[in-house]
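# Secondary and tertiary structure notes
The residues making up each chain are set out below.
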Amino acid sequence: MSDGCGAGQAHHTEQAAALREIQTPLKQKYRDDPTAALLTLRAAAELGDEGVTCSVQTGRAMVTAGLHPYSGGDGTLACSGDMLLEALAACAGVTMRAVATSLNIEVSGRLRVEGDLDFRGTMGVDKGAPVGFTAIRVIADIETDADENQRAALLKLTERYCVVLQTLVSSPEVTLSTP
């Protein structure tokens, strides 16, 4: 009679095999033709007709963004700063799950993302105050069957392959222009 522990490991092994089956041909395609790996993702915001708002199509729902209460909003609309942190949390979470699956590691829990802002900068109160986040922390509140070396690899590879995290770390050129 089984105690069920082996069933979880077998399921995880199946998930790892399924992920490899999907990703192996993609990886080969990108090795053979590096231009096949290039993609331009797009997002658009429709400026709101009333108040200081805009709407963004997220792929699953329309989100109306507005000012954060620290800059005059009433707190009923999404804040773009929160959305940035949410995008980082989502990307790091999906990346961690993919890495754990590839490494055949069981992991559960949650990722928390915190970001520090000084609203004097964005409000134009102090020209010396920074506009934007001054620090962002991703905290992994996770439980795993991994040993210390595997856990360190899980965190290192999640950090390395998380698109949003690496974008923030590498600070790519960003421009604002008209067509």
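Description of the structure in this document. (Residues numbered from 1 in each chain as written. Predicted model: local features only at pLDDT ≥ 70, side-chain atom pairs only at ≥ 80, totals over all residues. Heavy atoms only, no water.)

### As for the pairing of strand β2 (residues 53–57)
Residues Cys54 and Val56 point to one face of β2 and are all buried, whereas Thr53, Ser55 and Gln57, pointing to the other face, are not buried. Of the pairings in the sheet, the one linking strand β1 (residues 45–47) to β2 comprises three bridges and is antiparallel in character. Across the sheet, residue Glu46 finds its bridge partner in β2, namely Ser55. Where β1 hands over to β2, the hairpin turn is made up of five residues, of which Gly51 adopts a positive phi near 70°. Pairing of β2 with strand β3 (residues 62–66) involves five bridges; the strand directions are antiparallel. Bridge pairing links Gln57 to Met62 in β3. Hairpin connection of β2 to β3: four residues between the antiparallel strands, including Gly59 at a positive phi of 105°. (Buried < 20%, exposed > 50% of the residue type's maximum accessible area, 1.4 Å probe, protein only. Helix = DSSP H or I, 4+ residues; strand = E, 2+ residues; numbered from the N terminus. Pairing = 2+ DSSP bridges.)

### Side note on the packing of aromatic side chains
Scanning the model with the defined rule gives one aromatic pair in all. When the centroid spacing of 5.2 Å and the interplanar angle of 50° are considered together, the rings of Tyr70 and Phe119 count as tilted. Of this pair, Tyr70 sits in the loop between β3 and α2 (80–102) while Phe119 sits in helix α3 (residues 119–122), and the two are 49 residues apart along the sequence. (Phe/Tyr/Trp six-rings, centres within 6.5 Å; stacked < 30°, edge-to-face > 60°.)

### Things to note about the sheet that holds β2
Read across the sheet, three strands follow the order β1-β2-β3 without closing on themselves; strand pairing throughout is antiparallel. Only two strands of the sheet have a single partner each, and these edge strands are β1 and β3. Direction aside, the axes of adjacent strands within the sheet are offset by 30° on average. (Axes fitted to C-alpha atoms, helices over the stretch in contact; angles between N-to-C directions.)

### Describing a nonpolar patch on the surface
A cluster of nonpolar side chains, namely Leu84, Ile136, Val138 and Leu168, defines an oily patch on the protein surface of about 260 Å² accessible area. Note that Ile136 resides in strand β5 (residues 133–144). For Ile136, a relative accessible area of 34% translates into the label partly exposed. (Patch = residues over 30% accessible without salt bridge, like charges linked within 9 Å, V, L, I, M, F, W, Y side chains within 5 Å. Areas by Shrake-Rupley, 256 points an atom, 1.4 Å probe, with all protein chains shown as cover. Salt bridge = Lys/Arg side-chain N within 4 Å of Asp/Glu carboxyl O.)

### A closer look at the nonpolar core
One finds Met96, Val107, Ile142, Leu154 and Cys162 to be the most contacted residues of the largest nonpolar core, which totals 16 residues. For this core, the elements supplying multiple residues, two or more each, are α2 and β4 (107–117). Setting aside chain neighbours within four positions, we find Val107 in contact with Met96, Arg97, Ala100, Ile142, Glu143, Thr144 and Leu154. (Core = buried A, V, L, I, M, F, W, Y, C linked by side-chain atoms within 4.5 Å. Contact = heavy atoms within 4.5 Å.)

### Digging into the packing of α2 against helix α5 (residues 163–170)
Following both chains from N to C, one finds α2 and α5 inclined at 125°, their axes separated by 7 Å at the closest point. Accordingly, the angle class assigned to the pair α2 and α5 is oblique. Here α2 contributes Leu84, Ala87, Leu88 and Cys91 to the contact with α5, which in turn contributes Val163, Val164, Leu165 and Leu168. Split into classes, the residues belonging to the contact of α2 with α5 amount to eight nonpolar, no polar and no charged. (Parallel < 35°, antiparallel > 145°, perpendicular 65-115°, else oblique. Nonpolar A, V, L, I, M, F, W, Y, C, P; charged D, E, K, R; others polar.)

### Quick word on unusual backbone geometry
A positive phi angle, close to 60°, is found at Asn104, a residue other than glycine. Tracing the backbone shows Asn104 in the loop between α2 and β4. The class of Asn104 is partly exposed, set by a relative accessible area of 27%. At Ser171, a residue that is not glycine, the phi angle is positive and equals roughly 45°. With relative accessibility at 57%, the residue Ser171 sits in the exposed group.

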